Amino acid sequence: MSVVADGLTRRIDGQTIVDGVSFEARAGEMVALLGPSGGGKSTVLRMIAGLEEPDSGEVFLHGERATELPVQERRVGFVFQGYALFKHMTVAENVAFGLAVRKVPRAEIDRKVSELLDLMELPGLGARLPSELSGGQRQRVALARALAPGSKVLLLDEPFGALDAKVRMSLREQLRRLSHERGITVVLVTHDQEEAMDLSDRVVVLQRGKVEQVGTPAEIYDHPATEFVASFVGATSVLRGEVRGGRAEMGALQVEAPLGEHEGRAVTAIVRPHDVELRGRVGQVIEPPRDPAGPRVATGKIERMSRVGHMVKIQLQLGDGQSLTVEVTKERASELGVGAGDLVLVNLRDAKIFVQDYAI
Amino acid sequence: MAERRRSRRGARGALIGVAVVYVGGLILLPLVTLVGGAFADGAGAFFRAILHPDALHALAVTGLMVASAVVLNAVFGTLAAWILVRDRFPGRKVLSALVDVPFAVSPVIAGFVLIELFGKGGLLRPLSDALGVQIAFALPGMVLATTFVSLPFVIREVMPVLEEIGTDQEKAAYTLGAPALLTFRKVTLPAIRWGLYYGITLTAARAIGEFGAVLVVSGGVAGRTETATSFVYRALEDRNDTGANAMALVLSAASIGLLLAMDALKHRRAAVSTKEVAS
């Protein structure tokens, strides 16, 4: 069952919370609404579910207009940020609720509930109260409850926000499998770009209620449409500079770019940590005679180094005061033998350059 | 060193003594006096006094007042609390403030206003006449008065619970296909039940003890509109000490029973809410 949002707009107290949001989640697809907190993602989700009414725009479920359909008749499963489990009901009663409401016979309810509890790896917990479960278990009960009435669409609002990293990983895996095996269309809201990239087939990046970009995780990462997307997705450094001689110059660093027509205008360079080359300590590296066409090298001082898994993250302060984050493997770091306080030489392999609203 | 400790222990002892005399003197002594007075002429006199037709009738009237106030306030109080918490409309804050008026206004004034409204030439007299009910100097007026004085309890107990549970559980029920009424019955009501029970207990306690409003509105006619509290008042005036004592003892016993129930509820509510907050 597909989900289409078409120009959804929502104003609250004269403020536009959601502004003309359009996107499609095809049947069986996982789509993430990604953006900073307060960007209107949850409101979009609630409008799709029918929990909130759009001021304008339409919602289509399975190709049919659902904008005026009451929430009870939309048959979409919704998982709330805090799970919203019925606290006075047992796990089994929670999962059975949507079936009992639809007057499903008792025997079938029992069968379906135990099937769902098995599927969500919660066997034997049916008689527990939500307060007696761990965070991850509650999340799975919320999923089972949302799936019970046979919904083919699942809407999830920050589903893994309050869980620790390990539980989050296993739940992601479970959700992916669920969507795959049962052909369930999933729209989830998250502010965690790593989660969005890891889980979804397509990502809708939202900022201040507006869609910045819709694309696959790869498209979003490799070809960010706007400065916001480039800086929000993936770890990045932001350098300011201007166009000079057809190149983007940020202090001593520069990137080749066909920017002739923008000569003299201010630019922003979004730099991924792995697009920075760390050449070595000043004085240690024998600099080749400067090739005017080659990459320009800048000096930076190492402010901080931290180990993240196999990589070493190095924070630099450049000569002109701007900050730059570099990432190298731990082998490369020990080969270079650099430490905090050292002066090092760097150059840019690549960067995303934005001239105001003009993107390369 | 030892001396100082001794003198500190002495000060503590004195403080405990003050507390015992204060609580014991003001609460226990009257209770003991009540029991003593009620049985001063023996158990037989006590039972004769309490089983007197006027006394039984007064108890029945009080029972009716309690039942009506509890039912009316439970239903409309929950509804009012629901609307005050969940809805946004102009004048909501004013309405919310008005809820406390019965606490601030003397019950005697409440009774008086009811007489003014429904008595001869009263503003609402045509309405009650049209409906064929006598309100002033009759049971319906007493029910109104009792409901009025005990109105804030259910609303004030249920409102914070409604605020605390939020709307997510209700919304979850909607997405699962439950209509609004079913959601209220199956999701909201169970979630607010302890607050509601507590509010009902307070309402009952207040209704049992009500005197001024009901007396003013009813005139307290023995065997007709006299409540248990006005029975005590009249018995005192008639120098029927055993009757006054016996009725006072029964009323106190009922109130203490409610107090114990309230205490149990409070514990239960605290236990449930810590459990639910944990989830």
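The structure reproduced in this document is the subject of the present report.

Basis of the calculations
Residues numbered from 1 in each chain as written. Chains lettered and ligands numbered in written order. Predicted model: local features only at pLDDT ≥ 70, side-chain atom pairs only at ≥ 80, totals over all residues. Helix = DSSP H or I, 4+ residues; strand = E, 2+ residues; numbered from the N terminus. Buried ≥ 20, exposed ≤ 12 C-beta atoms within 10 Å, placed from the backbone. Contact = placed C-beta atoms within 7 Å. Pairing = 2+ DSSP bridges. Nonpolar A, V, L, I, M, F, W, Y, C, P; charged D, E, K, R; others polar. Axes fitted to C-alpha atoms, helices over the stretch in contact; angles between N-to-C directions. Parallel < 35°, antiparallel > 145°, perpendicular 65-115°, else oblique. Left-handed = near helix turned anticlockwise from the far one by under 90°.

1. Topic: the overall build of chain B
Then, in step 1: Across its full length, chain B carries 14 helices and zero strands.
Then, in step 2: Sequence-ordered secondary structure for chain B, helices as α and strands as β, is α-α-α-α-α-α-α-α-α-α-α-α-α-α.
Then, in step 3: Each principal axis of the C-alpha distribution contributes one length, and for chain B these read about 75 × 65 × 35 Å.
Then, in step 4: Split into buried and exposed, the 279 residues of chain B put 35% on the buried side.
Then, in step 5: For chain B, long-range pairs separated by at least 24 residues make up 76% of all intrachain contacts whose partners lie at least 6 apart in sequence.

2. Some remarks on the sheet that holds strand 4 (residues 56-61) of chain A
All names here are of chain A.
Then, in step 1: Within the open sheet, the four strands sit side by side as 2-1-4-5. Their pairing is antiparallel. Strands at the two margins of the open sheet, each flanked by one partner only, are strand 2 (15-25) and strand 5 (64-65).
Then, in step 2: The pairing of strand 1 (residues 3-12) with strand 4 spans five bridges and is classified as antiparallel. Counterpart to Val4 in the pairing with strand 4 is Phe60.

3. A short note on unusual backbone geometry
Then, in step 1: One non-glycine residue, Glu158 of chain A, lies in the positive phi region at around 40 degrees.
Then, in step 2: In this structure, Glu158 of chain A sits in the loop between strand 7 (153-157) and helix 6 (165-182).
Then, in step 3: The exposure class of Glu158 of chain A is buried, given the 20 C-beta atoms found within 10 Å.
Then, in step 4: Positive phi is not limited to glycine here, since Arg239 of chain B has a value of about 60 degrees.
Then, in step 5: Mapping Arg239 of chain B onto the fold places it in the loop between helix 13 (228-237) and helix 14 (241-278).
Then, in step 6: On the basis of neighbour count, Arg239 of chain B is assigned to the exposed category, with 8 C-beta atoms found within 10 Å.

4. A short note on the interface of chain B and chain A
Then, in step 1: Facing the 19 residues of chain B at the interface are 20 residues of chain A.
Then, in step 2: Put simply, the parts of the chain that give the side of chain B that touches chain A at least two residues each are helix 10 (168-175), helix 11 (180-209) and helix 14 of chain B.
Then, in step 3: Considering every element that reaches the side of chain B that touches chain A, the biggest residue donor is helix 10 of chain B, with seven residues.
Then, in step 4: Looking at the side of chain B that touches chain A residue by residue, the classes come out as eleven nonpolar, four polar and four charged.

5. Concerning the pairing of strand 10 (residues 210-215) of chain A
Residue and element names in this part refer to chain A.
Then, in step 1: The pairing of strand 9 (residues 202-207) with strand 10 spans five bridges and is classified as antiparallel. For Leu206, the partnering residue across the bridge sits in strand 10 and is Val211.
Then, in step 2: Counting the residues in the hairpin turn of strand 9 and strand 10 gives two residues, including Arg208, whose phi is positive at 45 degrees.

6. Some points on the packing of helix 3 (residues 53-86) of chain B against helix 8 (residues 139-149) of chain B
All names here are of chain B.
Then, in step 1: As a packed pair, helix 3 and helix 8 sit with axes 9 Å apart at the nearest point and diverge in direction by 55 degrees. By the angle between their axes, helix 3 is oblique relative to helix 8. Of the two elements, helix 3 crosses helix 8, and the hand of that crossing is right-handed. Every residue of helix 8 that contacts helix 3 at Leu64, Met65, Ser68, Ala69, Leu72 and Asn73 is listed here: Leu139, Met142, Val143, Thr146 and Thr147.
Then, in step 2: Here the residues of the contact of helix 3 with helix 8 are counted per class, giving seven nonpolar, four polar and no charged.

7. A closer look at the sheet that holds strand 6 (residues 77-79) of chain A
Residue and element names in this part refer to chain A.
Then, in step 1: Spatial strand order, 6-7-8-3-9-10: six strands in an open sheet with mixed pairing. Each of the sheet's edge strands pairs with one partner strand only, and the pair in question is strand 6 and strand 10. Averaged over all adjacent pairs, the angle separating strand axes in this sheet is 15 degrees, with direction ignored.
Then, in step 2: Pairing of strand 3 (residues 30-34) with strand 8 (residues 185-190) involves five bridges; the strand directions are parallel. Residue pairing for strand 8: Met30 is matched across the bridge by Val186.

These figures capture arrangement, not role.
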